[in-house]
Amino acid sequence: MIRPIITLRRRRVIVDVDTQKDLMFADGKACIRNHRRVLANVRRVAAWARVKNLRMISTAQMCPAGNGCDHCIEGTGGQEKIRYTTRMRNCVFAADGCTDVPRDLFSSYDQVILNKRSMDPFNEPRADRILSELKVDEFIVIGTVTEESVKATVLGLLARRKHVTVLTDCVGSHNKGKAEVALRQMEAKGAKMIESKNMIGPSCLRLVGACGCDRCKGKMFKDAANNIA
Ligand SMILES: [Zn+2]
């Protein structure tokens, strides 16, 4: 008899796609266009997930140096995950082509971080196995980049007959038009689209506190007010 190796009797799991410094911070190598808003919303959802004790499956791009990639290169600070989306009890897997997964993974860890060499997590055998075998009622997707990794992740989950909810204000993009097309494709295939406030309530959060740019530190508004005066 084959015993299931991945057991998670929880209703929901957060799928945190590539929330890495190069993609989410103003000084990153490929920062998304709406980074301040997305960072603020991602922070809230990650905090909510912690309080609700929801498990997280995170993916992270890891490009080998000298491979022609311009961001998320192995060994650089830009490849690191942002701190909001990193849990204390996490387990990191290399993109090594293996499918081994320890038994009771989600009893021992709150978060599984899956490194990957391309946009599509299903190209990595272990990530494919974990995402495919995991039985939960809802996969809640946040992260970047909407028209790239988020799209590949969501369409892959939907193809495996999973229930997917995309938090539309927690996904960031490089190209607004392409992101809108990608979101429509995901919705057409069955993904539910909602804003985070409709899942976790409205926010009073003003400062983002991770990215060091003036907008995230709240200076922009003050400067703008001074300029007008
Ligand atoms: Zn910023």
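What this report covers is the structure whose coordinates are included nearby. Here the structure is a predicted model, which means the values were calculated and not measured. (Residues numbered from 1 in each chain as written. Predicted model: local features only at pLDDT ≥ 70, side-chain atom pairs only at ≥ 80, totals over all residues. Heavy atoms only, no water.)

Next up on the list: the environment of C204. Structurally, the position occupied by C204 is in the loop between α7 (197–200) and α8 (219–228). With 126 residues separating them along the chain, C204 and G78 place their C-alpha atoms 29 Å apart. (Helix = DSSP H or I, 4+ residues; strand = E, 2+ residues; numbered from the N terminus.)

Here we take up the coordination of the zinc ion. Coordination of the zinc ion by the protein comes from H35 (NE2), C211 (SG), C213 (SG) and C216 (SG), over a distance range of 2.0 to 2.3 Å. If you look at the zinc ion, its 4 donor atoms make angles of 99 to 114° with each other, and the shape they trace is tetrahedral. Sequence positions of the donors to the zinc ion reduce to the motif H-x175-C-x1-C-x2-C. Note that H35 is positioned in helix α2 (residues 35–51) and C213 in the loop between α7 and α8, a separation of 178 residues in sequence. Residue H35 shares its accessibility class with C213, and that shared class is buried. (Donors = N, O, S within 2.8 Å, 3.2 Å for Na, K, Ca; no water. Tetrahedral: all angles 85-135°; square planar, octahedral: opposite > 155°, others 65-115°. Buried < 20%, exposed > 50% of the residue type's maximum accessible area, 1.4 Å probe, protein only.)

Attention now goes to the environment of V166. Secondary-structure assignment places V166 in strand β6 (residues 164–172). A sequence separation of 13 residues divides V166 from A179, and the C-alpha atoms of the two residues are 13 Å apart. In this view, V166 contacts V141, V154, V171, L183, M186, A191, K192, M193 and I194; residues no more than four positions away in its chain are not counted. (Contact = heavy atoms within 4.5 Å.)

A general trend in soluble globular proteins is that nonpolar side chains are found buried together. Grouped together as the largest cluster of nonpolar side chains are 30 residues, with contacts concentrated most on I130 and V154. Per element, the largest residue contribution to this core is 4 residues, and it comes from helix α5 (residues 146–159). With residues near it in sequence (within four places) discarded, V154 still touches V141, V164, V166, M186 and A191. Among the nonpolar cores identified, the runner-up in size contains 28 residues, and V45, M56, I82 and C211 belong to it. (Core = buried A, V, L, I, M, F, W, Y, C linked by side-chain atoms within 4.5 Å.)

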